[in-house]
Amino acid sequence: MQLRLALLCLFFAIVAAENPYRFFTWNVTYGTIYPLGIPQQAILINGKFPGPEIYCVTNDNIIVNVFNSLDEPFLIHWNGIQNRRNSFEDGVYGTTCPIPPGKNFTYILQMKDQIGSFFYFPSLAFHKAAGGFGAIRILSRPLIPVPFGPPADDYTLLIGDWYKANHTALKAILDKGKKLPFPDGILINGRGPNVSSVTVQQGKTYRLRLCNVGLQNSLNFRVQGHKMKVVEVEGTHTMQISYSSLDIHVGQCMSVLVTADQPPQGYYIVASTRFTTPIIVTTGFLLYASSNRPASGPLPGGPTTEINWSINQARTIRTNLTASGPRPNPQGSYHYGMIPVARTIRLASSAGQVNGKQRYAINSVSFVPADTPLKLADYYQISGVYRAGRISDVPNGAGLHLDTSVLNTDYRSFVEIVFENYENILQSYHLNGYSFFVVGMDGGQWSSASRNQYNLRDAVSRCTVQVYPKSWTAIYVALDNVGMWNLRSEFWARQYLGQQFYLRVYTTSTSLRDEYPIPKNALLCGRASARRTRPLTVYT
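A brief structural summary. Not measured: the values here are computed from a predicted model.

### A word on the pairing of strand 11 (residues 197-200)
Only one face of strand 11 is covered, namely the face carrying V198 and V200; the face carrying S197 and T199 is uncovered. Relative to strand 19 (residues 281-288), strand 11 runs parallel, the two being bridged by four bridges. By the bridge assignment, V200 is partnered in strand 19 with Y288.

In structure tokens form, the structure reads like this:
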């Protein structure tokens with residue numbers, strides 16, 4: 001009797017401890033928008049551009065039922081959401097079959113041990129140039145302390161460069177082997193100049209979540225007459241340093257606190273391109289609720305084109321070791337600088353012509369999508385879809401060639417990845433399924449002696465990192481998430497034309513502790529079309 005009672009108590013404890021579920025139903029359609037003054041076709045979610053914000057708490061289970069009402073296949077990727085043990089739900093073509101026109105698919109995600117500011121966007125074809133993106137806000141659980149007081153309000157500002165041309169026209173340019181022209185403008189929350197606004201009360205402090213959802217340009221963000229205190233970068237609480245302007249590179253997110261401590265009136269919010277000629281500028285407004293006086297005076301100036309200014313700012317963004325993370329234990333308890341590195345992977349971008357068409361590559365390999373998602377080929381043991389090892393660990397200086405590039409790595413290994421940029425443009429890279437420690441960046445060429453300047457104590461942990469022109473950036477990453485994960489350029493034309501590959505984090509284990517089985521509702525395509533999803537089996 002006592003045993004039965006104990007088991008019953010355990011059952012109810014498990015049920016009571018289950019994390020909350022949040023359900024979303026999205027209908028993806030085309031619609032007409034006018035962000036830069038002319039009509040163009042956009043991708044809307046529930047009729048909105050940008051799409052609905054996902055508002056959740058650490059460890060929440062997120063169920064998103066997506067209906068594809070477009071006339072072409074569609075995929076949504078969850079930028080920065082780690083999808084622990086479940087790359088099947090990642091929403092890129094290497095892992096997930098697209099949703100056919102007129103069909104739906106339900107994504108099942110868990111915000112496992114994550115906090116912070118992220119976004120989602122369509123990953124297939126060149127849909128990102130048409131919209132379909134939106135914010136993801138993951139709050140800390142109520143019992144986990146946050147290293148700053150509750151803000152009076154919390155605003156998300158999605159900023160990014162934009163074209164007047166429809167995404168179909170832009171894709172056609174790339175498919176012909178040409179480069180895209182310079183963007184036509186910058187949007188703030190899907191709107192052009194002098195439209196977006198944030199309303200504040202005198203003396204109160206507000207959180208602004210800033211994400212660069214654009215296609216290729218780094219942006220500098222600033223608020224006239226106000227300082228911005230950085231407090232969070234892609235899920236990491238940071239040292240609280242105030243800035244008059246901030247560089248936010250493509251694919252990156254951060255949170256800042258802004259205090260309404262100036263005379264009540266309107267003030268300009270400014271976003272402008274970095275390292276470009278010409279410079280594109282857009283404006284919004286910070287409005288004091290107690291005043292009708294509009295913004296006036298010259299726009300606050302941004303930084304010069306000096307690369308060192310931006311590098312030095314990036315180095316000041318460091319982890320707050322005294323702050324709690326998503327779990328009660330402090331983030332600083334993870335001493336990444338004391339873990340031996342098992343492998344060094346050096347990655348270099350390059351650009352060139354293949355068969356008379358513009359292509360981009362990493363370590364000379366320009367990625368070509370296979371006819372079947374790589375993760376499904378792995379799961380169903382379908383041979384011939386790809387061959388691991390088709391991309392090397394180091395740049396080899398060879399000419400560009402096409403291949404479905406997959407890099408094999410070992411589960412639970414601790415690796416160093418060095419991004420080397422020999423080109424004259426700034427690059428931005430993202431690794432799906434992971435956060436990594438940005439341990440170093442500098443101009444010139446990387447060598448083993450560069451490790452002497454690594455930050456091995458409080459480097460920021462994030463999922464997207466910039467690499468400056470003729471420079472390098474080094475990261476450390478613990479490969480603790482089994483699956484097939486996309487490592488890509490966040491410059492979307494470069495990604496589309498081959499500057500990406502897949503990192504295969506592999507183990508022979510079949511335990512659910514290491515990787516979840518394929519979802520029962522998984523869409524099957526390509527050479528996996530005739531297969532059936534295997535029944536859910538629990539391994540120990």
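### Let's talk about the sheet that holds strand 12 (residues 205-212)
Reading across the sheet, the six strands line up as 10-9-12-17-14-15 and stay open at both edges, with mixed pairing between neighbours. Lying at the two open borders of the sheet, with one neighbouring strand each, are strand 10 (185-188) and strand 15 (236-243). Pairwise comparison of adjacent strand axes, ignoring direction, gives a mean angle of 25 degrees for this sheet. Taken together, the five bridges between strand 14 (residues 228-233) and strand 15 define a ladder with antiparallel strand orientation. For V230, the partnering residue across the bridge sits in strand 15 and is I241.

### Concerning helix 3 (residues 307-316)
Looking at helix 3, one finds that the buried residues are S310, I311, Q313 and A314. Along helix 3, the residues classed as buried sweep out an arc of 165 degrees about the axis, all on the same side. Buried residues along helix 3 sit in contact with strand 15, strand 16 (246-248), strand 28 (436-443) and strand 30 (464-467).

### With respect to helix 2 (residues 167-175)
Given 3.6 residues to a turn, an α-helix orients residues that are three or four positions apart in the same direction. Those residues of helix 2 that sit buried are H167, L170 and L174. Across the axial projection of helix 2, the buried residues extend over an arc of 65 degrees, all falling on one side. Packing partners of the buried residues in helix 2 comprise strand 1 (21-33), strand 2 (40-45) and helix 5 (492-496). A positive phi of about 85 degrees marks G177, the residue just after helix 2.

### Thoughts on a nonpolar patch on the surface
Residues I279, V281 and L299 make up a contiguous nonpolar surface patch of roughly 240 Å² in combined accessible area. Mapping V281 onto the fold places it in strand 19.

### Details of unusual backbone geometry
With omega at -5 degrees, the peptide bond leading from F49 into P50 counts as cis. Counting through the fold element by element, P50 comes out in the loop between strand 2 and strand 3 (54-57).

Calculation notes
Going along each chain's sequence as written, the residues are numbered from 1 onward. Under the rules for a predicted model, residues below a pLDDT of 70 receive no local features and side-chain atom pairs below 80 are neither given nor counted, while totals for whole chains, interfaces and linings still include all residues. Hydrogens and waters are ignored; side-chain quantities use all the structure's heavy atoms. Only protein chains enter the accessibility calculation, which uses a 1.4 Å probe; a residue whose area is less than 20% of its type maximum is buried, one above 50% is exposed, and one in between is partly exposed. A run of H or I in DSSP counts as a helix once it spans at least four residues, and a run of E counts as a strand once it spans at least two, with each numbered from the N terminus. Should DSSP find at least two bridges between two strands, the strands are taken to pair. In this analysis an axis means a line fitted to C-alpha atoms, helices contributing only their contacting stretch, and an angle means the value between N-to-C directions, from 0 to 180 degrees. Of all possible arcs, the one meant is that of the directions from the helix axis to the C-beta atoms. In what follows, residue pairs with any heavy atoms lying within 4.5 Å of each other are defined as contacts. In this analysis, a patch consists of residues with relative accessible area above 30% that form no salt bridge, clustered at 9 Å for like charges and at 5 Å for the nonpolar side chains Val, Leu, Ile, Met, Phe, Trp and Tyr. Only the protein chains shown count as cover for residues, and the accessible areas themselves come from Shrake-Rupley with a 1.4 Å probe. In the sections that follow, a salt bridge refers to a side-chain nitrogen of Lys or Arg positioned within 4 Å of a carboxyl oxygen of Asp or Glu.

Note that every value here comes from positions in space, so none of it alone points to a role or purpose.
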